[in-house]
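Summary of structural features
Letter by letter, the chains look like this.
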Amino acid sequence: MNNKDKILHDEFCRYGRNAREWMHKCVLMLPKIEKNRIWEKKGFGSIYEYAAKLAGMSRHKVNESLRILHKIEDKPNLMKVAKTKGVNAVKPIIAIVTKENSDFWAKKAKKMSKNTLKVFVRDYKSGLPRKSREDSKHLNKPNQSSVLMSLDKEILEKLQKLKGEDNWNDAMKKLLELSKKGAEAEKKQSKIEKPQPIKSRSRKIPKKIETYINRRSQGICEHPNCYKPAKNIHHTEAFALTKTHDPDKLKHLCVEHHKIIHLGYLDEQHWRQIEKLPYYDMKNLINRRIAEYQY
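Summarised in this report is the structure supplied together with it. (Residues numbered from 1 in each chain as written. Predicted model: local features only at pLDDT ≥ 70, side-chain atom pairs only at ≥ 80, totals over all residues. Heavy atoms only, no water.)

Here Ser 102 shows up in helix 6 (residues 102–111). Residue Ser 102 is classed as buried on the basis of its relative accessible area of 6%. Within polar-contact distance, the side chain of Ser 102 engages the backbone oxygen of Lys 99 at 3.1 Å. Filtering out sequence-adjacent residues up to four positions away, Ser 102 remains in contact with Lys 75, Asn 77, Leu 78 and Val 97. (Helix = DSSP H or I, 4+ residues; strand = E, 2+ residues; numbered from the N terminus. Buried < 20%, exposed > 50% of the residue type's maximum accessible area, 1.4 Å probe, protein only. Polar contact = N/O pair within 3.5 Å; in protein donor to acceptor, adjacent residues only side chain to side chain. Contact = heavy atoms within 4.5 Å.)

If you want it as structure tokens, here you go:
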């Protein structure tokens, strides 16, 4: 890229940043525009026409922005996050946030990206008592039956991981298909020998251990409530303290769960969400330093 191209690119990026900034300011003004019916006073047929012609907003963006802002208008800590990071930064939590827990969620929204927060919320909700969310369209069909089962917690967690975002009917079909390949997969797995822990000055995970971890996880995040592709191999015992690559103390994680751990909100030893690890815990200090550098 020559110097003229670089100048052109930098100018475009600057205008793009300005456009996003001004769109963000317009979004935050929508509740007052709606309340005072400014669009009507200026001769527009609706707030959608007003927002489209003056700010280039789609109907969907107007509706979503108003929905989110109305939900957090009585929660100043979340409104502060929305003003700083944008309304989409708090979107994942608006279904569960209350005045009582808004401070808890504001801290998470402030530190996490939208995708990471979505994963954290999903894990949080999975740990709460709730009614079955089985799709009603799969009930009361002539060729289907409802089944009530009592399962061990470990088995239930594995089934929920397999289910992912599917309904239970499709998940059971998937399970049956996987069972057909079970014998072959088990045979291949039996050939994988677990490598011994390796002491090293380098953080780079030795190839044979990396291969073992990849085969063990089958490319899926090893968090029990996750079905996302695994992208990062994480030391559950800080490498800075042990200088050891131990297969039993390495977890293959998706990007989001890896971030949540380094932000200090997940105990990966027991897969428990925590609001905050002890400040002077050495592992927590290391995780926070990594989070500050990476995120």
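On the secondary structure map, Thr 242 appears in helix 12 (residues 239–242). By relative accessible area, Thr 242 is classed as partly exposed at 23%. Separated by 43 residues in sequence, Thr 242 and Lys 199 have C-alpha atoms that sit 8.2 Å apart. Setting aside anything within four residues of it in sequence, one finds Thr 242 in contact with Lys 199 and Glu 237.

Looking now at the packing of helix 6 against helix 7 (residues 114–126). One can describe the packing of helix 6 onto helix 7 by two numbers: an axis separation of 10 Å at closest approach and a directional angle of 145°. Like other packed secondary-structure pairs, helix 6 and helix 7 cross with a definite hand, here right-handed. The residues of helix 7 that touch helix 6, namely those facing Phe 104, Trp 105, Lys 108 and Ala 109, are Leu 117, Phe 120, Val 121 and Tyr 124. Its residues placed into classes, the contact of helix 6 with helix 7 shows seven nonpolar, no polar and one charged. (Axes fitted to C-alpha atoms, helices over the stretch in contact; angles between N-to-C directions. Left-handed = near helix turned anticlockwise from the far one by under 90°. Nonpolar A, V, L, I, M, F, W, Y, C, P; charged D, E, K, R; others polar.)

The first and last C-alpha atoms of helix 1 (residues 3–35) sit 49 Å apart over 33 residues, in line with the 48 Å expected at 1.5 Å per residue. When the local axis directions of helix 1 are compared, the greatest deviation, roughly 40°, occurs at Met 29, which is followed within four positions by the proline Pro 31. Of all the positions in helix 1, only Val 27, Leu 30, Pro 31 and Ile 33 are classed as buried. At the N-terminal boundary of helix 1, the capping side chain belongs to Asn 2, with an oxygen 3.2 Å from the backbone nitrogen of Lys 4. Phi turns positive, to about 50°, at Arg 37, one or two residues after helix 1. (Expected span 1.5 Å × (residues − 1). Bend = angle between axes of the 7 residues up to and from the residue.)

Side-chain pairs of opposite charge can arise whenever the charged atoms involved come near each other. Under the definition given, this model contains 13 salt bridges. With its nearest N and O atoms 4.0 Å apart, the salt bridge here joins Asp 74 to Lys 99. You can see Asp 74 sitting in the loop between helix 4 (59–72) and helix 5 (76–85) and its partner Lys 99 sitting in the loop between helix 5 and helix 6, a full 25 residues away along the chain. According to the relative accessible area criterion, Asp 74 is partly exposed, its value standing at 38%. When its relative accessible area of 54% is taken as the criterion, Lys 99 is described as exposed. (Salt bridge = Lys/Arg side-chain N within 4 Å of Asp/Glu carboxyl O.)

A word on the environment of Lys 107. With respect to the element layout, Lys 107 can be found in helix 6. Each C-alpha atom of the pair Lys 107 and Asn 77 lies 8.7 Å from the other, and the pair is 30 residues apart in sequence.

This part is about the packing of aromatic side chains. Inspection of the entire model under this criterion finds six aromatic pairs. Pairing Phe 104 with Trp 105 gives two aromatic rings, centres 4.9 Å apart and planes at 85°, and the pair type is edge-to-face. The burial state of Phe 104 is the same as that of Trp 105; both residues are buried. On the basis of an interplanar angle of 85° and a centroid distance of 5.0 Å, the ring pair of Trp 105 and Tyr 124 is categorised as edge-to-face. Of this pair, Trp 105 sits in helix 6 while Tyr 124 sits in helix 7, placing them 19 residues apart in sequence. (Phe/Tyr/Trp six-rings, centres within 6.5 Å; stacked < 30°, edge-to-face > 60°.)

Moving on, we get to the side chain of Glu 256. Within the element layout of this structure, Glu 256 appears in helix 13 (residues 255–262). Notably, Glu 256 is buried but unbridged: the nearest opposite-charge side chain belongs to Lys 228, and the N-O separation is 4.3 Å. Residues within four places of Glu 256 in sequence aside, it is in contact with Asn 115, Thr 116, Val 119 and Lys 228. (Lys, Arg positive; Asp, Glu negative; His and termini not counted.)

The next thing to look at is the state of the cysteines. Under the counting rule described, the total for this entry stands at zero disulfides. In this model Cys 221 remains outside any disulfide bridge; the closest cysteine sulfur is found in Cys 254, 3.8 Å from its own. With a relative accessible area of 0%, Cys 221 lands in the buried category. (Disulfide = S-S within 2.5 Å.)

A separate point is the nonpolar core. Ranked by size, the top nonpolar core spans 43 residues in total, and within it Ile 72, Val 90, Ile 93 and Trp 105 carry the most contacts. Elements represented by at least two residues in this core include exactly helix 1, helix 3 (47–55), helix 4, helix 5, helix 6, helix 7 and helix 13. Top contributing element to this core by residue count: helix 4, with five residues. Residue contacts for Ile 93: discarding those within four places in its chain leaves Leu 78, Trp 105, Ala 109, Leu 117 and Val 121. Core analysis: the next-biggest nonpolar cluster, separate from the first, contains six residues, Ile 205, Tyr 212, Ile 233 and Leu 250 among them. (Core = buried A, V, L, I, M, F, W, Y, C linked by side-chain atoms within 4.5 Å.)

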